[in-house]
Structure formats: structure tokens, C-alpha cells
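# Observations on chain architecture
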Amino acid sequence: MSVSKLSLTRSIAMLSTISSSLLILNKPLTRALRFPIPNLPLATNPRGLSSLSTAAISNNAGGGRTGALSPAPVTEDLQKIDVNPPKGTRDFPPEDMRLRSWLFFNFREVSRLFGFEEVDFPVLESEALFVRKAGEEIRDQLYCFEDRGNRRVALRPELTPSLARLVIQKGKSLSLPLKWFAVGQCWRYERMTRGRRREHYQWNMDIIGVPEVTAEAELISAIVTFFKRLGITASDVGFKVSSRKVLQEVLRRYSIPEALFGKVCIIIDKIEKLPLAEIKKELESVGVLEEAIEQLLQVLSIKSLTELEEILGDSGEAVADLKQLFSLVDKFGYSEWIQFDASIVRGLAYYTGIVFEGFDRGGKLRAICGGGRYDRLLSTFGGDDIPACGFGFGDAVIIELLKEKGLLPELGLQVENIVCALDPGLQGAAATVATILREKGQSVDLVLESKPLKWVFKRASRINANRLILVGDSEWQKGMVGVKILSTGEQQEIKLDELD
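An account of the accompanying structure is given in this report. Nothing here was measured: the structure is a model prediction, and the numbers come from that model.

Basis of the calculations
Residues numbered from 1 in each chain as written. Predicted model: local features only at pLDDT ≥ 70, side-chain atom pairs only at ≥ 80, totals over all residues. Heavy atoms only, no water. Helix = DSSP H or I, 4+ residues; strand = E, 2+ residues; numbered from the N terminus. Buried < 20%, exposed > 50% of the residue type's maximum accessible area, 1.4 Å probe, protein only. Contact = heavy atoms within 4.5 Å. Areas by Shrake-Rupley, 256 points an atom, 1.4 Å probe, with all protein chains shown as cover. Pairing = 2+ DSSP bridges. Axes fitted to C-alpha atoms, helices over the stretch in contact; angles between N-to-C directions.

Before going further, it helps to examine the overall build of the protein. Broken down by element type, the protein carries 15 helices and 18 strands. Residue burial in the protein is summarised as follows: out of 500 residues, 46% are buried. Sequence-distant contacts, at least 24 apart, represent 69% of the contacts inside the protein between residues at least 6 apart. Put simply, the protein shows about 26000 Å² of open surface, and 52% of that area lies on carbon and sulfur atoms.

A separate point is the sheet that holds strand E14 (residues 417-421). Spatial ordering of the open sheet is given by E15-E14-E16-E17-E18, a layout of five strands whose pairing is mixed. Edge positions in the sheet fall to strand E15 (444-446) and strand E18 (491-495), since each of these pairs with one other strand and no more. Each strand axis lies, on average, 25° off the axis of its neighbour in the sheet, ignoring direction. The sheet contacts of helix H13 (residues 427-439) involve E14, E15, strand E16 (467-471) and strand E17 (480-485), and relative to E15 the element is tilted by about 170°. Set on the sheet, helix H14 (residues 453-462) makes contact with E14, E15, E16 and E17; between it and E14 the angle comes to about 170°.

What follows covers the pairing of strand E11 (residues 354-360). Of all seven residues in E11, seven are buried, a share of seventy percent or more. Alternating residues of E11 divide into Ile-354, Phe-356, Gly-358 and Asp-360 and Val-355, Glu-357 and Phe-359, and every residue in both groups is buried. Direction of pairing for strand E9 (residues 237-243) relative to E11: antiparallel, over a ladder of seven bridges. In the strand pairing of E11, Ser-243 is matched with Ile-354. Bridging between E11 and strand E12 (residues 369-373) involves four bridges; their strand directions are antiparallel. The residue of E12 that forms the bridge with Val-355 is Gly-372.

Turning our attention to the side chain of Gln-141. For Gln-141, the position within the fold is in the loop between strand E4 (124-126) and strand E5 (143-146). With a relative accessible area of 5%, Gln-141 lands in the buried category. In this structure Gln-141 touches Trp-187, Arg-188, Tyr-189 and Glu-190, once residues within four positions along its chain are discounted.

Moving on, we get to the environment of Lys-440. One can find Lys-440 in the loop between H13 and E15. Sequence-wise, Lys-440 and Asp-500 are 60 residues apart; in three dimensions their C-alpha atoms are separated by 7.2 Å.

What follows is the structure, encoded as C-alpha cells:
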């Protein structure tokens, strides 16, 4: 007897013996795909991308949009194409996309808890936005090129300069303080290590218009809150905190020109990556005297705020800011997470005060996040300086840490309903059922082909469906459908207008 002639009740009864735990194994595609690759003539114009544009326009005899490239000719030549993404970048198949969505949800939820508003900026920006001061490592990491309008542009390597540009653009229409956050894709051509890629996503939180260190305390509190949500504790992660003003005071004592400050910061930022002799050599090469280098390295080795105060005194801004921050941290309730470390300066030139880095106490990973105060960034772009601070938090390192700690969540696909017609002629009726449920806000996987019921049960198991809804002929004529609760095996017939 065919399935279409069985009653819906008998169909479900027969299916109750089919295991709902069957799995479908997905094997990765390993064979290279083949696509036609046209044999294009080599361009004689050395201007790269713009020359391609010129050639396309001159060959566009048929008119149309002048900026468009001509379609590639179809040839019989077939060449293998590398199916892997470019080095340092990633694909996000469904299982990885679920993890990314979960992580971004937590970024956004913590930002919401702290009263921040979300913003975003173009991935493509003017190159000049990121080329600030000679010697910054980031200059050599830019993905930059000339566009068809002969403009120098770059894929953004970080989000803070774009934020500064937007604040300047909005000008006096903004009501301070601003509490903004962003989750955006960034690009840096750099050496890849564990947790470091050339393309990554970054969570930024920034406070604009607050000069007090209460802003820094609030930002670190947000990161701690995020860690706690993910199950990470103070025994897993800590924050090293210092101030750029510490370095400024030491350099001032030895009459080191202000112009060297940015270069010295970049060198000091490498102190955990290079041998001490190499650090000394680099400091000498930029013009720091030997006596100043010894004093500087002595100060940078300090891990106690009390010891720093003994050397610098208690009258300077650096010590005062740090003491206030540590006092606030006690009030926020995360003092066990932070420690003073004078060697933390951060590599970007625009930081002006408190700086901090989140680190893996196990020592297996690079910095998890980092940030600080940048009160003078806006003036480097021609705007009026406004007190500001913020942090950047990459997606790659935190995933590695969660793997290390066994804290990655299991995020299988989950759909509330799977709807199947028992007869090809009832496919339209099944679509009606799916539409009714979707309009009520429920997720539905509609079986779009005529499939054996054993296949339907496999599918239901793979997508973790809560209910199986079967549309049979005799039941549909009565305005009813069969519903099976897959977790309990309970089954019943329900009127269409009572389905929810």
C-alpha cells in the first residue's frame, strides 16, 4: 500500500520505530573546482587596477555604464582554481557562523548592558586616515591601493580612526559624552601566529567626552563582564595597566625630545617579543642616550604602583591617574583582574594616558584585547581635541582561549518545526502550514521534495527539530494536520486554526 493511501495516524505510528538519532556525516570537499579562465592580454599601462579600468572602458564599444568591466570571454581552457580562501582569511560555513553569531551577540549584549549605542563605518577608507606618524608598525600592514578615481584607499586595519573621522564629521551636533561601540571587520598584512590573522573582526567600545579615568574603569569593567558571561575567570585572564605619562616623565627627565616619544613607545611595545639587547639597540638608533635607556628600562621593569611612586613621586599625573583607577577598580569589584605593569605602552602613537592589555595568564596566547586614552587623536585629523578612550577586542584570540579552557559552546542548528507532505499533491498544503507557523514567529524547515519518511526523520534529527508536522490527505480534508513531539514521541491531530 502506498504512503498516500495510509491514514496519517498509521503513518506516524509506523514512523515511531525509526530512530531519531540518525546523523548525516558531512565530508569536506577536497577536489579542486574547475572554472574557465580567459586568456587576457597583458596590460601595458603600469598603473595596476586603474589600467584595467581604462582597458575595459576603451573596449566597451556597445556603450552602457562606462565604469563597468566587459564580460570575460568564454574559452574552452580549464584551469584549476585554489578553493582555499586567501592566506590569513577565513570562510564561515554554518557551524563556524553559528559560533561567530554567538560571540557577536555577547559583544552586543555587554555593550547594551553598559548603555552603549552601535555604530559602523566603511571597510574601505582613505589611506591618509591610517598613515599618521612615521615608524608606526601599522603603516607597513595596510592593504592599500589606488582606486579607479586615482584615490589612495585602504582596507581599515582598525576602527578608532574611522570613529574619530565620524565624530569630526558630526561636529557640534553631537551631545557629549558619547558611548559608542562597533563590531567590524579589519585587515592587516602581518605575520600570522595562533590567534592572529590578516583578516579579523574587532569589538570596539569608546567613550568620547569624559576626561576622568572613570571612563577607563568603565571600559575594563565591560570587558570583565564579557569574560564572566563566557565562563572565563580572573585565574584565566588578567589586565596589565600602566600610563603613557610614566614614559613621558622619564623621557622628560633626560631631555629626550617630544618628537621621539612615539618611536620609543613602538620599541617598548616589543619588550616581550625581543631580547633586551635588541630593545637597547633600537632605542639607541632613534637617539635615546645610554643613561636614559638604563633609567627607562629600570622604570619599565616595575610591577608595583608603590614602587613607581617612590621613583616618580606622587605629584605627577601618571601616578595620580593610576592611583585613582585602582581605587575605582575596587568599587567596581574586579581588583583581582588587574595589575600594574610599567612596560605596557601600546604600539599605536595616538595613546596619551592610561593604557591596558588583557592577557592569558597561561602565557600561551598573545594579547587578548587592549586600549587606553587618546585625548589628542582628533587634532591629528584637523578636528578639535575631545577627551576619549576605548578598546579593541579581536574575535580570533578569544576563540583560541575558549578552546584552551574547554568553554566553546555546542551550537547545533535548531529549527522549531519540520513540515512534510505525505503526498506530492499536498505540497501546496504543506506550504500553507509553513506560512501559518512562520507568521506566528516560528522557524520552519519545509521539506521541498517528495522524500521517504525515513529521510524526513533523519533530517529532523540533524536540524534538532522540536516537532514534525505531517500533512495527509484525509486529515487535510478535515482541516487538520498530524503533529509529533520528537523529544517525547507524543502525537496528535490538531486543527489548522489551533496550530501554534
